[in-house]
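# Structural overview for review
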Amino acid sequence: MDASRDSNALSDGGSERATAESVRTEQAARQQARSGTSSARSTTAMLLAPGTIWMLLFLVVPMLMMVYVSFWTQKTFSIEPTLTVQSWVAFFSSETYFAALLRTIKIWLIVLATTFALGYPTALFIGLFIKNKTLQTIVLVLCVVPFWTSFLIRVLAWRPMLGKEGAVNIVLEKLGLISEPIEVLLFTEFSVVVGMTQIYVVFMVGPIAFMLSRIDPSLIEAARDLGAGTWRIFRTIIFPLSLPGVVVGAIFVSVMVLGEFATSAALSGRKVNLLGNIIVTQVGSLKWAFAAVVGVILTAVMAVVIAALLRFVDLRKEL
Amino acid sequence: MGNRPFLRSALAFYTLLFISFLYAPFVVLGILSFQAGPEGGPQFPIIEWSVYWYEHIFGLTPPSRVAPLPIGEALIRSLSLAFMTMVTSTVLGTMTAQAFRRRFKGSGFVFYLVVLGMIVPGVLVGLGLALVANNLGISRTWWGTAYVAHVLYTFPFAFLVMLAIFNRFDRSVEEAAWSLGVTPMRTFRKVTFPLIFPGVLSSMLFAFTLSYDEFPRTLFAAGADLTLPLAIYGTFSVEIHPNIFAFGVLTTLFSFSILAVYGILMSLSVRRARRASIQEDIE
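## A few points about the overall build of chain A
When helices and strands are tallied, chain A shows 16 helices and two strands. The 319 residues of chain A split such that 39% are buried. Of all intrachain contacts in chain A linking residues separated by at least 6 positions in sequence, the fraction that spans at least 24 positions is 67%.

## Examining the overall build of chain B
A count of helical and extended segments in chain B gives 11 helices and zero strands. What you see in chain B, going N to C, is helices and strands ordered as α-α-α-α-α-α-α-α-α-α-α. Here the C-alpha atoms of chain B give a radius of gyration of 24 Å, more than 25% beyond the 19 Å that 2.2 N^0.38 yields for 283 residues. Considering only C-alpha atoms, chain B reaches an extent of 75 × 65 × 40 Å along its principal axes.

## Digging into the domain arrangement of chain B
As assigned here, chain B comprises domain 1 (5-57) and domain 2 (72-234). Of note, the centres of domain 1 of chain B and domain 2 of chain B, computed from C-alpha atoms alone, are 35 Å apart.

## Here's the deal with the packing of helix α3 (residues 38-69) of chain A against helix α5 (residues 122-136) of chain B
Contact pair α3 of chain A / α5 of chain B: the axes reach a minimum separation of 8 Å and the direction vectors enclose 80 degrees. As summarised for this structure, α3 of chain A and α5 of chain B are arranged roughly perpendicular, according to the angle between their axes. Judged by residue contacts, F58, L59, V61, P62, M63, M65, M66 and V69 of chain A of α3 of chain A engage L124, V125, L127, G128, L129, L131 and V132 of chain B from α5 of chain B. Partitioning the contact of α3 of chain A with α5 of chain B into residue classes produces 14 nonpolar, one polar and no charged.

## So, the packing of helix α4 (residues 107-119) of chain B against helix α6 (residues 145-168) of chain B
All names here are of chain B. Two elements in contact, α4 and α6, have axes separated by 7 Å at closest approach and are oriented at 125 degrees. The orientation of α4 relative to α6 falls into the category oblique. Seen along the crossing, α4 lies across α6 with a hand that is left-handed. In contact with V114, V115, G117 and M118 of α4, α6 contributes L152, Y153, F155, P156, F157 and F159. Residues that form the contact of α4 with α6 fall into these classes: nine nonpolar, one polar and no charged.

## Structural notes on the interface of chain A and chain B
The interface of chain A with chain B comprises 70 residues on the first partner and 70 residues on the second. In terms of residues, the side of chain A that touches chain B owes the most to one element, α3 of chain A, which gives 17 residues. When the residues that make up the side of chain A that touches chain B are grouped by side-chain class, the tally is 51 nonpolar, 15 polar and four charged.

## Quick notes on helix α15 (residues 288-310) of chain A
Taking 1.5 Å of rise per residue, the 23 residues of α15 of chain A would be expected to cover 33 Å, and the 32 Å separating its terminal C-alpha atoms lies within 8% of that figure. Every buried residue of α15 of chain A is listed here: W288, A289, F290, A291, A292, V293, V294, G295, V296, I297 and L298 of chain A.

## Some details on unusual backbone geometry
Positioned with a positive phi, F187 of chain A is a non-glycine residue whose angle comes to about 60 degrees. Examined against the element boundaries, F187 of chain A turns out to sit in the loop between α9 (167-174) and α10 (189-213).

## Some thoughts on the confidence of the model for chain A
All names here are of chain A. The pLDDT averaged across chain A works out to 85; a share of 87% of its residues lies at or above 70. For chain A, helix α1 (residues 2-10) is the element with the lowest average pLDDT, namely 40, and helix α5 (residues 95-129) is the one with the highest, namely 94. Taken as a whole, residues 1-18 scores under 50 in pLDDT and shows seven contacts with residues more than four places along the chain or in a different chain.

## So, α6 of chain B
All names here are of chain B. With 24 residues, α6 ought to run about 34 Å at 1.5 Å a step, and its terminal C-alpha atoms sit 35 Å apart, in line with that. The largest bend along α6 measures about 30 degrees and falls at T154, with the proline P156 one to four residues further on. In terms of burial, α6 is largely enclosed, as 18 of its 24 residues are buried.

Reading the values: the criteria
Residues numbered from 1 in each chain as written. Chains lettered and ligands numbered in written order. Predicted model: local features only at pLDDT ≥ 70, side-chain atom pairs only at ≥ 80, totals over all residues. Helix = DSSP H or I, 4+ residues; strand = E, 2+ residues; numbered from the N terminus. Buried ≥ 20, exposed ≤ 12 C-beta atoms within 10 Å, placed from the backbone. Contact = placed C-beta atoms within 7 Å. Rg over C-alpha atoms; globule rule 2.2 N^0.38 Å. Domains from an automatic or database assignment. Axes fitted to C-alpha atoms, helices over the stretch in contact; angles between N-to-C directions. Parallel < 35°, antiparallel > 145°, perpendicular 65-115°, else oblique. Nonpolar A, V, L, I, M, F, W, Y, C, P; charged D, E, K, R; others polar. Left-handed = near helix turned anticlockwise from the far one by under 90°. Expected span 1.5 Å × (residues − 1). pLDDT = per-residue confidence, 0-100. Bend = angle between axes of the 7 residues up to and from the residue.

In structure tokens:
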């Protein structure tokens, strides 16, 4: 553009032609950059190929392999590629394994409820009540920092908290609320739910706070001027507007809780077996075909849950 | 809503409780890591304050009934793996995001394919890779199958970060360089890279930390030589001792120091960018 301005100054006569030419070259350059020419298209393909191939080869193929192996024949310590539904029948006819499926769904629903119930008020405070952007970021970072530590250590940290001689029991006894230590705090479904809630609640707080902080304050002011009470404002304005955040948070939490096995193994003393735990034990005893069956079932459950949640919100639009 | 003083202070108080719920286990873990040893157990009360369990980790204590944590080689493996994963996923993420700056057919498919890597549960990724490796007769190793699994997980993070960065900056800057006859390679080095540097740094941070801490994907994919999280998980099933708490404190400090390095590099790059823009103004 500078060049064309210079030529303008130099000769008045040729200015029109020079400008037209520069516009034309610029258009050509842009066209070349955007799309259309085959060289641009091959550059795109070259840039995409490594990542796409990596995902197809190491994620999609193994998942298909898992479906395939679930129909293989399980021998005592090996599997054979003779197709059978034996492992599938074994899963659905066994009370233990079917119970694990139900327990996984139950724990998932409970953790979804607790992360929402505990996380929403915090998100409300961060997103709506803290007006200062810097302070907002600081509080949010404060919530995220525990996520920065080792996952296994985070899980393990609940043991000295909830144990019979743990911190919670000691505090409750000191306060005189209980005379005997509560034993059911650790190595029960309760401890698994507490552990998972603490680990995953951040994923609920973040998206909700983000949606809340985008609400235009004048909207709430207008509602108040028209005489709406606090509860009515919350019910008819704030909550509906925060709903996409809730759904995104629910997707995050669901994806992570459904595939869990480490928290339940470490905090339940192997008493609470989720689908993930079944896979780990089966692989441990070389029952690959059976592990694959459980894997396919887990995938199916997740696909249904995510598809159901995505009906409420367009993820690509919101993010 | 924001000017209801009672509601405001109630929610502020609640948030305080919430944050202490998030931090309490760490505080307890940190306190108990200073338990007396070797007879002190992983619970209250503290018999005597000591750094015995920290010395225990580094093998500075006389042998006792508590076995030392098997972390020496596992730590080196985990650090190497995290470094390999960091480089690969940052390169893949930048390349793929760069491709997304142009509209192309099937972009939706590629987008969801990449994002799938962070959605599919780790235990299934590990299982699938183990099945394929077993069937092809490939032995499972931390630098082979586990490395592949880690990149599957961290590459989507790098991709999303870089996508956000590319969406933000004005491509006319690059076009200007091209139209002035600067070669594409030089343009990338001198124009594009400085602009996307914060994103690259963030991708590296994500990839390194996620890989260093990765557990469910590694469990089936790593084979016989364990990474750090696997070694730690192995000690869960038996009785736990405060040495694992001391280890928890140390590894947390390590994560925070990585975060600090990231913060320093980031602020340096911001300052350099500001200085460059001031220089341009003067010229």
